[in-house]
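Residue-level listing of the chains:
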Amino acid sequence: MDIDEDKIDDAVLALLWLTLHDGYRAWKGFDWATTDRLFRKGLIGDPVNKSKSLILTDEGLERSKALFVELFTRPPR
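Calculation rules
- Residues numbered from 1 in each chain as written.
- Predicted model: local features only at pLDDT ≥ 70, side-chain atom pairs only at ≥ 80, totals over all residues.
- Heavy atoms only, no water.
- Helix = DSSP H or I, 4+ residues; strand = E, 2+ residues; numbered from the N terminus.
- Rg over C-alpha atoms; globule rule 2.2 N^0.38 Å.
- Buried < 20%, exposed > 50% of the residue type's maximum accessible area, 1.4 Å probe, protein only.
- Salt bridge = Lys/Arg side-chain N within 4 Å of Asp/Glu carboxyl O.
- Expected span 1.5 Å × (residues − 1).
- Patch = residues over 30% accessible without salt bridge, like charges linked within 9 Å, V, L, I, M, F, W, Y side chains within 5 Å.
- Areas by Shrake-Rupley, 256 points an atom, 1.4 Å probe, with all protein chains shown as cover.
- Phe/Tyr/Trp six-rings, centres within 6.5 Å; stacked < 30°, edge-to-face > 60°.

Caption draft 1: Inspection of the overall build of the protein chain at higher detail. Helix and strand counts for the protein chain stand at three helices and three strands. Reading the helices (α) and strands (β) of the protein chain from amino to carboxyl end gives α-β-β-α-β-α. The C-alpha radius of gyration computed for the protein chain amounts to 12 Å, which stays within 12% of the reference 11 Å derived for 77 residues, consistent with globular compactness. Dimensions of the protein chain, computed from C-alpha atoms along their principal axes, come out at roughly 45 × 40 × 20 Å. Relative to its full complement of 77 residues, the protein chain shows a buried share of 29%.

Caption draft 2: Molecular detail of the pattern of salt bridges. As enumerated under the stated definition, the model contains six salt bridges in all. We note a salt bridge from aspartate 6 to lysine 41, for which the minimum N-O separation is 2.9 Å. With aspartate 6 in helix α1 (residues 5-16) and lysine 41 in the loop between α2 (32-40) and β3 (53-55), the pair connects residues that are 35 residues apart, well separated along the chain. The class for aspartate 6 is partly exposed, based on a relative accessible area of 46%. With a relative accessible area of 38%, lysine 41 lands in the partly exposed category. Ionic contacts of the salt-bridge type, sharing partners, join the residues Glu5, Asp6, Asp9, Arg37 and Lys41 into one network.

Caption draft 3: Fine view of α1. In this model α1 runs 16 Å from its N-terminal to its C-terminal C-alpha over 12 residues, within 8% of the 16 Å that 1.5 Å per residue would give. For α1, the full list of buried residues reads Asp9, Val12, Leu13, Ala14 and Leu16.

Caption draft 4: Structural detail: a nonpolar patch on the surface. Residues Met1, Ile3 and Ile8 make up a contiguous nonpolar surface patch of about 410 Å² in total accessible area. One can find isoleucine 3 in the segment before α1.

Caption draft 5: Examining the packing of aromatic side chains more closely. Applying the stated criterion to the full structure yields one aromatic pair. Taking the centre distance of 5.5 Å and the plane angle of 55° together, the rings of phenylalanine 68 and phenylalanine 72 count as tilted. Residue phenylalanine 68 and its partner phenylalanine 72 are located together in helix α3 (residues 58-72), separated by four residues, close to a single helical turn. Overall, the relative accessible area of 17% leaves phenylalanine 68 in the buried class. According to the relative accessible area criterion, phenylalanine 72 is partly exposed, its value standing at 42%.

Okay, here's the thing in structure tokens:
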């Protein structure tokens, strides 16, 4: 099976929106390889620290919300 890591990254970024707190922080609880890719893409701050949460960049916040809406909401009736 050929895994599309970009799709995994999009799903994780969208799910980070669910645990968003303090405006730009989200609980880390996802695979290290995925959070490392999101960091390299400039969507989150460096996930390697003692904090239990990570920081989304401005671009990451915007993309996280857009992906959440796209992937996990229903259109208005």
